[in-house]
Amino acid sequence: MAASRYGVKSKTHMLKNDNLPSILEPAVPAPHIAGTKVTVTLGPACRDVETLVQMLEAGMACARVDLTWGPVEYHMQSLKNLQEAVKRSRRLCAVMVDTLGREMTIRRTYNLNEQGWPVHEEPIPIKKGQILAVTTDVSATASSERLPITYPGFAAMCTPGDTLFIGRYLVNGADQSSLYLEIKEVKGEEVMCEAMNDAELDGLLTVIHSERSDDGMSNRQTDLPMLAQHDVMALKQLSAAYELDFVALTYTCDGGDVQEMREFLDDIGLVQAKIIAKVENRQALNNFSSIATMADGVILSRGNLGLDVAPEKMALVQKCAISRCNLLGKPVIITRVVDTMVSVPRCTRAEATDVANAVLDGVDGVLLGAETLRGKYPVATVKTVLSICRQAEEVFDHSYHFDFLMSEALDEAGYDDASQHSGSQTGGSPAGGNSPNGSTQNLAQLSAASEAPFSPTSISSPRNLNLSLPPLPRTGSGSQARLQELRSPGSHKLQSSGMTRVSSFGSIPRTASVQSVRAVNAMHVSPGGTPWLSKVESIASTAVRAADKIKASLIIVYASTGRTASLVAKYRPNMPILALVIPTLKSSSLSWELHGRSLARQCLIMRGVIPMLAAPMPGDSDRLLSDAVASAAQRGLVQAHDHIVCVMSMKDDLILKIVSMDSLGEGMKTTKTGSSQDLAALGTPGKKVLATA
Ligand SMILES: Nc1ncnc2c1ncn2[C@@H]1O[C@H](COP(=O)(O)OP(=O)(O)O)[C@@H](O)[C@H]1O
Ligand SMILES: C=C(OP(=O)(O)O)C(=O)O
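Rules used in this analysis
Residues numbered from 1 in each chain as written. Chains lettered and ligands numbered in written order. Predicted model: local features only at pLDDT ≥ 70, side-chain atom pairs only at ≥ 80, totals over all residues. Helix = DSSP H or I, 4+ residues; strand = E, 2+ residues; numbered from the N terminus. Buried ≥ 20, exposed ≤ 12 C-beta atoms within 10 Å, placed from the backbone. Contact = placed C-beta atoms within 7 Å. Near = placed C-beta within 6 Å. Nonpolar A, V, L, I, M, F, W, Y, C, P; charged D, E, K, R; others polar. Axes fitted to C-alpha atoms, helices over the stretch in contact; angles between N-to-C directions. Parallel < 35°, antiparallel > 145°, perpendicular 65-115°, else oblique. Pairing = 2+ DSSP bridges. Core = buried A, V, L, I, M, F, W, Y, C linked by C-beta atoms within 7 Å. pLDDT = per-residue confidence, 0-100. Left-handed = near helix turned anticlockwise from the far one by under 90°. Domains from an automatic or database assignment. Expected span 1.5 Å × (residues − 1). Arc of directions from axis to C-beta. Right-handed = clockwise from strand over helix to strand, strands pointing away.

The next thing to look at is the overall build of the protein. Per the secondary structure count, the protein includes 23 helices and 28 strands. Within the protein, buried positions represent 49% of all 693 residues. Long-range contacts, defined as pairs at least 24 residues apart, comprise 75% of the intrachain contacts of the protein with a sequence gap of at least 6.

Here Ser553 shows up in the loop between helix 20 (535-549) and strand 20 (554-559). Along the chain, Ser553 and Leu100 lie 453 residues apart, while their C-alpha atoms are 42 Å from each other. Ignoring any residue separated from it by four or fewer positions in sequence, one finds Ser553 in contact with Met575, Leu637, Val638, Asp642, His643 and Ile644.

The next subject is the site of ligand 2. Surrounding ligand 2, one finds Asp66, Asp98, Leu170, Glu280, Ser301, Arg302, Gly303, Asn304, Thr335, Arg336, Leu367 and Gly369. Among the elements that make up the shell around ligand 2, the one with the highest residue count is helix 9 (residues 302-308) (three residues). Residue composition of the shell around ligand 2, grouped by class: two nonpolar, five polar and five charged.

Two elements in contact, helix 2 (residues 49-58) and helix 13 (residues 378-395), have axes whose closest approach is 9 Å; the angle formed by their N-to-C orientations is 5 degrees. Between helix 2 and helix 13, the angle is such that the two are roughly parallel. From helix 2, Thr51, Gln54, Met55 and Ala58 reach across to helix 13, where they touch Pro378, Val379, Val382, Lys383 and Leu386.

Our next topic: the sheet that holds strand 24 (residues 609-613). Sheets are built from strands that pair by backbone hydrogen bonding, the pairs being arranged parallel or antiparallel. The sheet built from five strands is open, its strands ordered 24-21-20-25-26 with mixed pairing. Unpaired on one side and paired on the other, strand 24 and strand 26 (653-660) mark the two borders of the sheet. Between one strand and the next, the sheet's axes are offset by a mean angle of 25 degrees, whatever the strand orientation. Sheet contacts for helix 20: strand 20, strand 25 (643-650) and strand 26; angle to strand 26, the most-contacted strand, approximately 10 degrees.

With that out of the way, let us pick up the environment of Ile106. Position of Ile106 relative to the elements: it lies in the loop between strand 4 (104-105) and strand 5 (110-112). The exposure class of Ile106 is partly exposed, given the 18 C-beta atoms found within 10 Å. Taking C-alpha positions, Ile106 is 6.0 Å from Thr150, a pair spaced 44 residues apart along the chain. Residue contacts for Ile106: discarding those within four places in its chain leaves Ala142, Leu147, Pro148, Ile149, Ile166, Leu205 and Val207.

The next subject is the site of ligand 1. Around ligand 1 lies a shell of 14 residues, among which Tyr558, Thr561, Thr564, Ser621 and Met648 are the nearest. Broken down by secondary-structure element, the contributors of at least two residues to the shell around ligand 1 are strand 20, helix 21 (563-570), helix 23 (621-634) and strand 25. Residue composition of the shell around ligand 1, by class: seven nonpolar, six polar and one charged.

One finds Val279, Val298, Ala543, Ile555, Val557 and Val568 to be the most contacted residues of the largest nonpolar core, which totals 151 residues. When residues of this core are assigned to their parent elements, the largest contribution, eight residues, is made by helix 10 (residues 311-328). Setting aside residues no more than four positions away along its own chain, Val557 makes contact with Thr564, Ala565, Val568, Ile577, Ala579, Leu580 and Val647. Met104, Ile124, Leu147 and Cys158 belong to the second largest nonpolar core, which has 24 residues in total.

With respect to the secondary-structure elements, Ala392 resides in helix 13. You can call Ala392 buried: it has 25 C-beta atoms within 10 Å. Non-local contacts of Ala392, meaning those with residues more than four positions away in its chain, are made with Ala356, Val359 and Leu360.

Before going further, it helps to examine the sheet that holds strand 2 (residues 60-66). Strands sit in the order 1-2-3-15-16-17-18-19 around a closed barrel of eight strands; the barrel is parallel. Strand-to-strand twist in this sheet, taken as the mean axis angle between neighbours without regard to direction, amounts to 25 degrees. Bridging between strand 1 (residues 37-41) and strand 19 (residues 365-368) involves four bridges; their strand directions are parallel. The residue of strand 19 that forms the bridge with Lys37 is Gly365.

A positive phi angle, near 55 degrees, is found at Lys551, a position not held by glycine. One can find Lys551 in the loop between helix 20 and strand 20. Overall, the presence of 10 C-beta atoms within 10 Å leaves Lys551 in the exposed class. Backbone geometry places Arg572, a non-glycine residue, at a positive phi of 45 degrees. Mapping Arg572 onto the fold places it in the loop between helix 21 and strand 21 (577-581).

Here the protein averages 80 in pLDDT, while 74% of its residues score no lower than 70. Here residues 1-6 scores under 50 on pLDDT; set against residues more than four positions off or in separate chains, the count is 17 contacts. A low-confidence stretch, residues 672-693 stays under pLDDT 50, and its non-local contacts, those more than four residues away or across chains, total 49 contacts. Quick note on the complex model: pTM equals 0.84, ipTM equals 0.96.

This paragraph deals with the packing of helix 3 (residues 72-89) against helix 5 (residues 229-241). Two numbers describe how helix 3 lies on helix 5: the axes approach to 10 Å, and their chain directions differ by 25 degrees. Regarding the angle of helix 3 to helix 5, the classification is roughly parallel. Seen from above, helix 3 lies across helix 5 with right-handed handedness. Contacts between helix 3 and helix 5 pair Val72, His75, Met76 and Leu79 from the former with Ala234, Gln237, Leu238 and Ala241 from the latter. Grouping the constituent residues of the contact of helix 3 with helix 5 by class yields six nonpolar, two polar and no charged.

Here the domain parsing of the protein yields domain 1 (32-102 + 226-402), domain 2 (104-222) and domain 3 (535-685). Measuring from the centre of the C-alpha atoms in domain 1 to the corresponding centre in domain 2 gives 25 Å. If you look at the interface, domain 1 gives 24 residues, while domain 2 gives 17 residues. Breaking the side of domain 1 that touches domain 2 down by element, the ones donating at least two residues are helix 3, helix 7 (282-286), helix 9 and helix 12 (370-373). Of all the elements, helix 9 adds the most residues to the side of domain 1 that touches domain 2, at five residues. Looking at side-chain class alone, the side of domain 1 that touches domain 2 contains nine nonpolar, nine polar and six charged residues.

Here we take up helix 23. Taking 1.5 Å as the rise per residue, helix 23 with 14 residues should run 20 Å; its terminal C-alpha atoms sit 20 Å apart, in good agreement. Within the span of helix 23, buried status applies to Leu625, Ala628, Val629, Ala632 and Ala633. The buried residues of helix 23 occupy one face: seen down the axis, they fall within an arc of 140 degrees. Exposed residues on helix 23 whose side chains face more than 90 degrees from its buried face are Arg623 and Gln634. Elements in contact with the buried residues of helix 23: strand 20, strand 21, strand 24, strand 25 and strand 26. Looking one or two places after helix 23, you find Gly636, whose phi comes out positive at around 80 degrees.

This brings us to the pairing of strand 21. With five of five residues buried, strand 21 lies mostly within the body of the structure. By the alternation rule, side chains of strand 21 split into Ile577, Ala579 and Val581 and Leu578 and Leu580, which are all buried. Of the strand pairs in this sheet, strand 20 and strand 21 are connected by five bridges, and their pairing is parallel. For Val557, the partnering residue across the bridge sits in strand 21 and is Ala579. For the crossover from strand 20 across helix 21 to strand 21, the handedness is right-handed. Pairing of strand 21 with strand 24 involves five bridges; the strand directions are parallel.

Take a look at the structure:
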């Protein structure tokens, strides 16, 4: 089980319960929301206040507005409605803004309907076998013969033999509005293509280019700007009016993109917003380790990914990517779960199995797209997905997951005590990180099309997950320059800082050095060959182990950045995690602001985490905890005599504390001295402090 510098073990599904009759019993209706979180795309089908209230009550944790489509005024109104629904339902909901970024679309005229949502006129019919041009000629009108594309550099991206997919925004790829094309010739600004199927092109048409070649991919997508001008304007406008918790980075190419995005968000004052990197093509899979390391979370855009990756590789890519995110402790979300529910009230068996398998794989959440944007059953979709998740969580083998993480012990490199181990390690494993004999498969290899050499047996090898961190400089140079252009003149922070700025969500701080980030791959084995953990992660994992051993009903984690809470969530305890967010006072120019609400909402995307915002300036420490416990009892999270494991601090030391519920189940049992019950470590009641960080 020891970790290897050649890669880490892949995780297989282990069911805690394989008794069929008992599996058929309904999942105990949980008083809290399922551990796995649902993000909903707001659009015409669901953005009225009443539907939003129903989706919140059904368990929606996060709402996404997507700048790819719809005017910013439309999204402003959606967020206004959401605010009202949150107030009415008294439920927390995180806000995610998704960017247009490198997305390419076909230029078509449209009108705005009375709600301000764009509607196109007649669909464009295409016949299988016909030749048509995708053109960069801006004067062209969209027709069956010529389709003008938004990206001026498009023709330079294309080579005969490449394939194109043109489909309605958020389509499933199998409906009438999905067109597959093969590029035959590139003539100046006209890319001549043959249609592979009949289609009726309707709505906003997105274009996905897939290179024919697997080796030596040109990665020309990198030349597209990382953010569109529209994104920059919209992010500024939306953030002036609403608190934005997450920004989704479309078509992330590598970790460098995430760094640039962080710089940009900080520059426009969105310092609290977390970055969720969207992994949508093979290039992103090639650079997956750097993306997952730098970002606060990852969305596996399975629709787009599925167009660039051979079908037989998709499941393997998904499992591999989820496993890596789990090892890094980064929230990971998948898309395209129940496409069928766009038009019918019940998902297919394959979709239901897919959702459950993703939960067993270790996913944190699912993102609903067309299902809620334009689907007929948005509320039923949220309910269906969450009940599948809840049922799968019942059989998720938490101990196996815990042991898997422990055996690999991949930790947050470059943070606190990590650096002391790095010296003797960084030279040991090359940045490419594959085994010397080349036996390790990495994500890039898994994603290669079927004609590339690939041994199907190798995926079952325990040494298949190579967590190598690819070099930071990327293959293209376009986006960095363009982002500089988008910023105010004279801003050269990126070049001058000399530091790699990365995510701090439960893992690596923004100011970690390039070396420490690169050392991620090398540092999960100590010089002596024994896996090791940072102190915080050691406490977080110990809390999960302790909670398991004493059969606690709840883990309470005090939170100010969310790092400790996310490390506890990483170990996927068998019980909910209450993240008790302690608000902090921060000065901004002349005024003081209370911070904490955004973190509470951001905790909503972590599997198993239920955020609770503590009162500002809470009184004494014991009171704070007993109030939190009483509140957890009111929410049905704990009952009489239950145990609760708490991760908190005392002076500057991080400690574990185990408290018990009173016999009425209303609050915490207190000791004779009136303070909370004994501290305990791994079932050793009465022992004080356990570890410090
Ligand atoms: N026993 C306690 N009483 C009061 N406040 C506490 C106690 N333990 C922790 N806190 C507060 O909770 C917050 C948790 O911070 P920290 O442990 O750094 O979490 P994170 O990993 O989220 O940054 C801090 O503001 C800390 O002061
Ligand atoms: C790109 C997305 O996902 P998919 O690739 O699954 O359509 C999305 O939902 O924004």
